[in-house]
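Remarks on the overall topology
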Amino acid sequence: MVVTRDDGVRTTTTRELERRYGADYLVFSCDDPVRVDEALTARGDPPVALLLGGLGDADPDGLRVLRGLHGTHPEAMAVALVRWGAWETARPIFEAITVGQLDRWLYVPRGRADEEFHHAVTEVLDEWSSRQGGGFEAVRIIGDRWDPHAQHLRDHLTRNRIPLGFHEAGSPTGRELLAELGLEQPRLPVVVVRFRPEQIVLQAPSDLQMADAFGLFDPLDPTVVHDVAVVGAGPAGLGASVYAASEGLSVLQVECEAVGGQAGTSSLIRNYLGFPTGVSGSRLAASAYQQAWAFGTSFSFMRTAQALTSEDGLHRLTLSDGASVLARTVVVAAGASWRRIGVPELEAFTGRGVFYGAAVSEAPAMRGRQVFVVGAGNSAGQAAVHLSRYADRVHLLVRRESLVETMSEYLIRELVALPNVEVRYRVQVVGGRGADVLERVVLRDLDTGAETEEPGMLFVMIGSEPRTGWLAGVLARDPWGFLLTGAALTAGDVDPAWPLHRPPALLETSTPGVFAAGDVRQGSVKRVASAVGEGALAVTLVHAYLAAGRDRPGR
Ligand SMILES: Cc1cc2nc3c(=O)[nH]c(=O)nc-3n(C[C@H](O)[C@H](O)[C@H](O)COP(=O)(O)OP(=O)(O)OC[C@H]3O[C@@H](n4cnc5c(N)ncnc54)[C@H](O)[C@@H]3O)c2cc1C
């Protein structure tokens, strides 16, 4: 739907949209914002994918118009259309995006086949269609929505941007699909891999069975020595492998869950350089993965690095399936994972109404519900904003008195502007009740001690812990488990101690030739950009290490 009083903008934009997208979408235009709904009703009230509203001399009230239309069509992407050079629109657009009233902005097409315009439109439509779901099902899952195993699979596949269809086992479609597969008493969840030459059906599969079915399970040759082994394919690990592989090093990257790490769970990253209107974490991760792959990185998915041993300048990683990887250098980019809430009653509902960091994959299931988000950081804020698109009401539960010290100002403003989000201070979750799934949460007022029970589901985002348990006693860590690097290794008593006369390089751990990058490292900045930057820096240090030859104790 194109809405603008500017005849030139309306005609050009509508013509370009019809030419490119007319086969799949209905393209409407309207010069009077008041008559938009009338025009839609005349065409049978189709769902609206894209609301393009003019902003400029002819449409001084363009943002207000878009806001109103977005209120009536909340699932549409609201996009401001501006003429190139209308710089005065920059600030109001930024403000509107900040408070969640606008999704994107675009320049009016500058004539026929304006590919920049079409690229931007396609991206917005892609975002709309991934929010809707229900398209091509490369993988089909039939299971119980609140089964933690089904939730784990949905989360992994969504984060890896694998087109997915989920069907409740007890629904008519679910029963029909199971009957078609000839499964009378299946072990749920059933996974149907539909993109291989022959359909593969798995019952309650393990991660390794999934990797095998996906064709991701090429055996590793334990005698091949890689220049770099990278543990983790979050932003830091992907940064390391893109730079290492592009600079001619042989790279093997091990990832146990999904590419993108924590960033892949973010619905919209708005502060990453080069994406002025933001980028979804899974899209950024998928592009970075393709980039690393195109430069020649080898990947080993769904396997966890469980042990690191080093001998005579070579490092061996032992993986969860018993395979091992040999490398001259290692970059540990294992990041961090969600801190648990630590309330036994609630832990029992994990995946069945209590979710850790799964705001993107579970949000559509929150339609019509009330949800509680626990946390005071940016990830909790982002989750609340994302969930507010689906849930009836979102409560952000904060133990402290304010969000100012823990959350970015733009997010606080966005939360305040959302009518169905309520920030509740000095409140703690202390319990939960339910039969199969969490139905009610128990909240405690930290000032009065009074406890109340309220209906809803829970998203827990209370910070993260480094994933370094497997490195205890192998690499020096701080009391919280973060890896010590560089000068921190020689600043005091460290165990294991730095073994060489030369000082450790900036990102080098207590084992020479093993580097750490990103959130796993003590003192890291905990941002996508800094993780990518550390990955790239680690590669510069790897080059220097390899150029200097192997280190020997005492050198
Ligand atoms: C919801 C959310 C929203 C965020 N939003 C923003 C934002 O808007 N802007 C911003 O700058 N930052 C944001 N962040 C922070 C940012 O995502 C992190 O700082 C960044 O992802 C850290 O990257 P990393 O590669 O160091 O670690 P991670 O992203 O944690 O990646 C580590 C990877 O290593 C894998 N791994 C761990 N252990 C092993 C092992 N033993 N074997 C194999 N693989 C292993 C993990 O599965 C994971 O994929 C957000 C974080 C979250 C959770």
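Residues numbered from 1 in each chain as written. Predicted model: local features only at pLDDT ≥ 70, side-chain atom pairs only at ≥ 80, totals over all residues. Heavy atoms only, no water.

Together, D144, E168, D436 and E439 make up a negatively charged patch on the protein surface. Its location among the elements puts D436 in the loop between β21 (427-433) and β22 (440-445). (Patch = residues over 30% accessible without salt bridge, like charges linked within 9 Å, V, L, I, M, F, W, Y side chains within 5 Å. Areas by Shrake-Rupley, 256 points an atom, 1.4 Å probe, with all protein chains shown as cover. Salt bridge = Lys/Arg side-chain N within 4 Å of Asp/Glu carboxyl O. Lys, Arg positive; Asp, Glu negative; His and termini not counted. Charge placed at Lys NZ, Arg CZ, Asp CG, Glu CD. Helix = DSSP H or I, 4+ residues; strand = E, 2+ residues; numbered from the N terminus.)

Read across the open sheet, the 5 strands follow the order β17-β24-β18-β19-β20; overall the sheet is parallel. Edge strands, defined here as strands with exactly one partner in the open sheet, are β17 (354-356) and β20 (421-425). Neighbour-to-neighbour, the strand axes of this sheet turn through a mean angle of 20°, independent of strand direction. Relative to strand β24 (residues 457-460), β17 runs parallel, the two sharing 3 bridges. Along β24, the bridge assignment pairs Y356 with V460. (Pairing = 2+ DSSP bridges. Axes fitted to C-alpha atoms, helices over the stretch in contact; angles between N-to-C directions.)

An α-helix turns once every 3.6 residues. As a result, residues three or four positions apart point the same way. Counted at 1.5 Å a residue, the expected span for helix α10 (residues 281-294) with its 14 residues is 20 Å, and the 20 Å between its end C-alpha atoms agrees. Among the residues making up α10, those that are buried are G281, S282, L284, A285, A286, A288 and A292. Close packing links the buried residues of α10 with α6 (148-159), α9 (235-246), β12 (298-301) and α15 (528-547). Following α10 by one or two positions, G296 has its phi on the positive side, about 110°. (Expected span 1.5 Å × (residues − 1). Buried < 20%, exposed > 50% of the residue type's maximum accessible area, 1.4 Å probe, protein only. Contact = heavy atoms within 4.5 Å.)

Think of a ball as big as a water molecule: rolled over the atoms, this probe shows where empty space is left. If you walk through the whole model with that rule in mind, you get 1 cavity of 30 Å³ or more. Here the largest cavity defines a volume of roughly 40 Å³. Around the largest cavity, the lining residues are V3, T4, R5, P33, G53, G54, D59, G62 and V65. Of all elements in the fold, only β3 (50-54) and α3 (62-72) reach the threshold of two or more residues within the lining of the largest cavity. Residues of the lining of the largest cavity, tallied by class, amount to 3 nonpolar, 4 polar and 2 charged. (1 Å grid on protein atoms, 1.4 Å probe; cavity = no way out; pocket = protein on both sides within 12 Å on 5 of 7 lines; lining within 4 Å. Points joined across faces, edges and corners; volume = space filled by probe spheres on them. Nonpolar A, V, L, I, M, F, W, Y, C, P; charged D, E, K, R; others polar.)

It is worth spelling out the nonpolar core at this point. Of all hydrophobic cores here, the largest spans 46 residues; its most connected members are I341, M366, V373, L396, V429 and L458. Counting residues per element, the ones that place at least two in this core are β17, β18 (370-374), α13 (378-388), β19 (393-398), α14 (409-417), β21, β22 and β24. Excluding residues that lie within four positions of it along the chain, M366 makes contacts with W146, F355, V371, L387, Y390, A391, D392, M457 and F459. (Core = buried A, V, L, I, M, F, W, Y, C linked by side-chain atoms within 4.5 Å.)

Glancing now at the site of the ligand. Taken together, 37 residues sit near the ligand, with A236, E255, Q262, N271 and D519 positioned nearest. Taking A305, its main chain carries an N or O atom lying 2.9 Å from a nitrogen atom of the ligand. R467 places a polar side-chain atom, nitrogen or oxygen, 3.4 Å from an oxygen atom of the ligand. In isolation the ligand offers 1,000 Å² of accessible surface; the protein chains occlude 95% of this area. Where the shell around the ligand is concerned, the elements lending two or more residues are α9, β11 (251-255), β16 (336-338), α13 and α15. When the residues that make up the shell around the ligand are grouped by side-chain class, the tally is 17 nonpolar, 13 polar and 7 charged. (Near = heavy atom within 4 Å. Polar contact = N/O pair within 3.5 Å; in protein donor to acceptor, adjacent residues only side chain to side chain.)

Our next topic: the pairing of β22. Here 6 bridges tie β21 to β22, and the two strands are oriented antiparallel to one another. Paired with G432 across the bridge in β22 is V441. Counted along the chain from β21 to the antiparallel partner β22, the turn is 6 residues long. As paired elements, β22 and strand β23 (residues 451-455) share 5 bridges and run antiparallel to each other. What sits directly across from V441, in β23, is E454.

Turning our eyes to something else, we now look at unusual backbone geometry. Omega for the bond connecting L188 with P189 falls within 30 degrees of zero, at -5°, which places this linkage in the cis form. Positive phi values are uncommon outside glycine, yet A204 reaches one of about 40°. Assignment of secondary structure puts A204 in the loop between β9 (200-203) and α8 (207-213). Since its relative accessible area comes to 24%, A204 is described here as partly exposed.

Turning our eyes to something else, we now look at the packing of aromatic side chains. Tallied over the full model, the rule gives 11 aromatic pairs. Where W105 meets Y107, the ring centres are 5.1 Å apart and the plane angle is 80°; that geometry is what we call edge-to-face. With a centroid separation of 5.2 Å and an interplanar angle of 80°, the aromatic rings of F195 and F214 are classed as edge-to-face. Of this pair, F195 sits in the loop between β8 (190-193) and β9 while F214 sits in the loop between α8 and β10 (225-231), and the two are 19 residues apart along the sequence. Site record: aromatic cluster; members linked through ring pairs are W84, W87, W105 and Y107. (Phe/Tyr/Trp six-rings, centres within 6.5 Å; stacked < 30°, edge-to-face > 60°.)

One ladder, built from 5 bridges, connects strand β6 (residues 139-143) with strand β7 (residues 164-168); its direction is parallel. Bridge pairing links I142 to H167 in β7. Traced from β6 through α6 to β7, the parallel crossover comes out right-handed. (Right-handed = clockwise from strand over helix to strand, strands pointing away.)

Turning our eyes to something else, we now look at the packing of helix α1 (residues 7-21) against helix α5 (residues 115-132). One can describe the packing of α1 onto α5 by two numbers: an axis separation of 11 Å at closest approach and a directional angle of 65°. Compared by their axis directions, α1 and α5 come out roughly perpendicular. α1 and α5 meet at a crossing whose hand is right-handed. Of the residues in α5, those in contact with T13, E16, L17, R20 and Y21 of α1 are E115, F117, H118, V121, T122 and L125. Considering only residue class, the contact of α1 with α5 consists of 5 nonpolar, 3 polar and 3 charged. (Parallel < 35°, antiparallel > 145°, perpendicular 65-115°, else oblique. Left-handed = near helix turned anticlockwise from the far one by under 90°.)

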